[in-house]
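# Chains, contacts and geometry: an overview
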Amino acid sequence: MPHRRAGARAAAHRDRGARALVDAGRRRAPRYTHVPEGVPFAGYPMVRGERLTPELLHSLPFTEQTIVATQLGSLLSALHIQDLSQPPMDLVAPSYQPENLDFVRGIVENNMPDVLTPDELRTAREICDEVAALQSTLLPRVFLHYDIYSRHLYWERGLGRGNVTSTVAAPGSPGRLGLIDFTDMCIGDPAIDFAELYEYGPRFVERVLARYVGQIDATFLDRAWTYQRLAGLYVLAGHLYYGEETWEYARATFDRCRSPQRPQA
């Protein structure tokens, strides 16, 4: 989901954090190669491929879906094991989730009573309360992308798999996953980076988690689903306040995410 932050803080964060990213083998995270001094903007070589929509993922052969899950689990592992005490990770900002939650709470109370039923409004408040409770809990802290969903994931199919223009070097190679837009990178609960993977369905989330090397406990997926619920509510709040997305898209996203029961594979 998109996130909005105070301009000065965001600019300083991008300027300090742009050098923090690494190339993780076949999984491509941007390596910022153009980082001008004193300018809140940085660039990196193009991450190629087709946007990994849920429709595209589910159209792939099962073996290729497994490769996607493997590369994503490996990429998340590479991000989440970064040493936060060493430069430049020691300069990355803490999670923006408290700010996002404050924003959403304000929209819930001031704007949503006009568009939601009493039961839906109660659900929206419960989502905010559950996220606030997690924020007051001692949880692992890792380097996060913080905005992993279908608009930021790309899949470049390998040669011999129906893609004659692939830049993957070896014929018959399995393809390559790309992840873009690290604007919101921060430090926080690793479950946050799994939250919006529920857009692809719970089975895919579990496949990625099975290939993830990180700090996992019995509440990990429950926390991820709680954060997914907040993301859905945020989309609705963004539409009401900023005019982002269409009402139909925002409403459908909220409806998909509002159940308190985590979907099972």
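Look a little higher up for the structure.
Below is a short write-up of the structure. (Residues numbered from 1 in each chain as written. Predicted model: local features only at pLDDT ≥ 70, side-chain atom pairs only at ≥ 80, totals over all residues. Heavy atoms only, no water.)

## Description of the overall build of the protein
- Of the regular secondary structure elements, the protein holds nine helices and five strands.
- Starting at the N terminus and ending at the C terminus, the protein contains elements arranged as α-β-α-α-α-α-β-β-β-β-α-α-α-α.
- A total of 265 residues make up the protein; the buried ones form 52% of that total.
- At a minimum sequence separation of 6, the contacts of the protein that also span at least 24 residues come to 75%.
- Accessible area for the protein stands at about 12,000 Å²; split by element, carbon and sulfur atoms hold 54% of it. (Helix = DSSP H or I, 4+ residues; strand = E, 2+ residues; numbered from the N terminus. Buried < 20%, exposed > 50% of the residue type's maximum accessible area, 1.4 Å probe, protein only. Contact = heavy atoms within 4.5 Å. Areas by Shrake-Rupley, 256 points an atom, 1.4 Å probe, with all protein chains shown as cover.)

## Focus on the nonpolar core
- Counting 49 residues, the largest nonpolar core has Leu52, Leu153, Phe194 and Leu197 as its most contacted members.
- A per-element tally of this core places helix 3 (residues 62-80) first, with seven residues.
- Core analysis: the second largest hydrophobic core is formed by 20 residues, Met112, Tyr234, Leu236 and Ala250 among them. (Core = buried A, V, L, I, M, F, W, Y, C linked by side-chain atoms within 4.5 Å.)

## Comments concerning the packing of aromatic side chains
- Within the structure shown, the criterion is met by ten aromatic pairs.
- Relative to Tyr242, the ring of Tyr241 has its centre 4.9 Å away and its plane inclined at 90°; by these criteria the two rings are edge-to-face.
- A residue is classified by how much of its surface remains accessible, and Tyr241, at 52% relative accessible area, is exposed.
- Counting every residue linked through ring pairs, the aromatic cluster contains Phe103, Tyr234, Tyr241 and Tyr242.
- One residue, Arg151, lies across the ring of Tyr249, its end atom 5.5 Å from the ring centre. (Phe/Tyr/Trp six-rings, centres within 6.5 Å; stacked < 30°, edge-to-face > 60°. Lys NZ or Arg CZ within 6 Å of the ring centre and 35° of its normal.)

## Observations concerning the sheet that holds strand 4 (residues 176-179)
- Across the sheet, which stays open at both edges, the three strands sit in the order 1-3-4 with antiparallel pairing between neighbours. Bordering the open sheet on either side are strand 1 (50-51) and strand 4, each of which pairs with just one other strand.
- The pairing of strand 3 (residues 153-156) with strand 4 spans four bridges and is antiparallel. Following the sheet pairing, Tyr154 is matched in strand 4 by Gly178.
- The sheet strands contacting helix 3 are strand 3 and strand 4, and the helix crosses strand 4 at an angle near 45°. (Pairing = 2+ DSSP bridges. Axes fitted to C-alpha atoms, helices over the stretch in contact; angles between N-to-C directions.)

## A word on the pairing of strand 3
- The alternating pattern of strand 3 places Leu153 and Trp155 and Tyr154 and Glu156 on opposite faces, both of which are buried.
- Here two bridges tie strand 1 to strand 3, and the two strands are oriented antiparallel to one another. Along strand 3, the bridge assignment pairs Arg51 with Tyr154.

## Thoughts on helix 5 (residues 118-135)
- Relative to the 26 Å expected for 18 residues at 1.5 Å per residue, helix 5 spans 26 Å between its end C-alpha atoms, a close match to the ideal helical length.
- What helix 5 keeps buried is the set Glu120, Leu121, Thr123, Ala124, Ile127, Cys128, Val131 and Leu134. With its buried residues spanning 160° around the axis, helix 5 presents them on a single face. Within helix 5, the exposed residues directed more than 90 degrees away from the buried face are Pro118 and Asp119.
- Tucked inside the fold, the buried residues of helix 5 contact helix 4 (97-110), helix 8 (220-242) and helix 9 (247-257). (Expected span 1.5 Å × (residues − 1). Arc of directions from axis to C-beta.)

## Here's the deal with the side chain of Asp193
- One can find Asp193 in helix 6 (residues 192-195).
- It is Arg223 that comes nearest to the buried, bridge-free Asp193 among opposite-charge side chains, at 12 Å.
- Separated by 2.8 Å, the side chain of Asp193 and the backbone nitrogen of Tyr146 make a polar contact.
- In contact with Asp193, other than residues within four places in its own chain, are Leu76, His80, Phe143, Leu144, His145, Tyr146, Asp147 and Ile148. (Lys, Arg positive; Asp, Glu negative; His and termini not counted. Salt bridge = Lys/Arg side-chain N within 4 Å of Asp/Glu carboxyl O. Polar contact = N/O pair within 3.5 Å; in protein donor to acceptor, adjacent residues only side chain to side chain.)

## Considering the pattern of salt bridges
- Taken as a whole and judged by the stated rule, the model has 14 salt bridges.
- For Arg157, the salt bridge is made with Glu64, and the minimal N-O distance between the two is 2.5 Å. Of the two residues, Arg157 is situated in the loop between strand 3 and strand 4 and Glu64 in helix 3; the sequence distance between them amounts to 93 residues.
- Judged by relative accessible area, Arg157 falls into the partly exposed class, the value being 25%.
- The exposure class of Glu64 is buried, given its relative accessible area of 0%.
- It is possible to trace a salt-bridge network through shared partners that takes in Glu120, Arg251, Asp255 and Arg258.

## Let's talk about unusual backbone geometry
- For the peptide bond that leads from Pro87 to Pro88, omega is 0°, which places it in the cis range.
- With respect to the helices, strands and loops of the structure, Pro88 is situated in the loop between helix 3 and helix 4.
- With phi around 80°, Tyr146 is a residue other than glycine that occupies positive phi space.
- With respect to the secondary-structure elements, Tyr146 resides in the loop between strand 2 (142-144) and strand 3.
- We note that Glu245 has phi near 60°; this positive angle belongs to a residue other than glycine.
- One can find Glu245 in the loop between helix 8 and helix 9.
- Judged by relative accessible area, Glu245 falls into the partly exposed class, the value being 29%.

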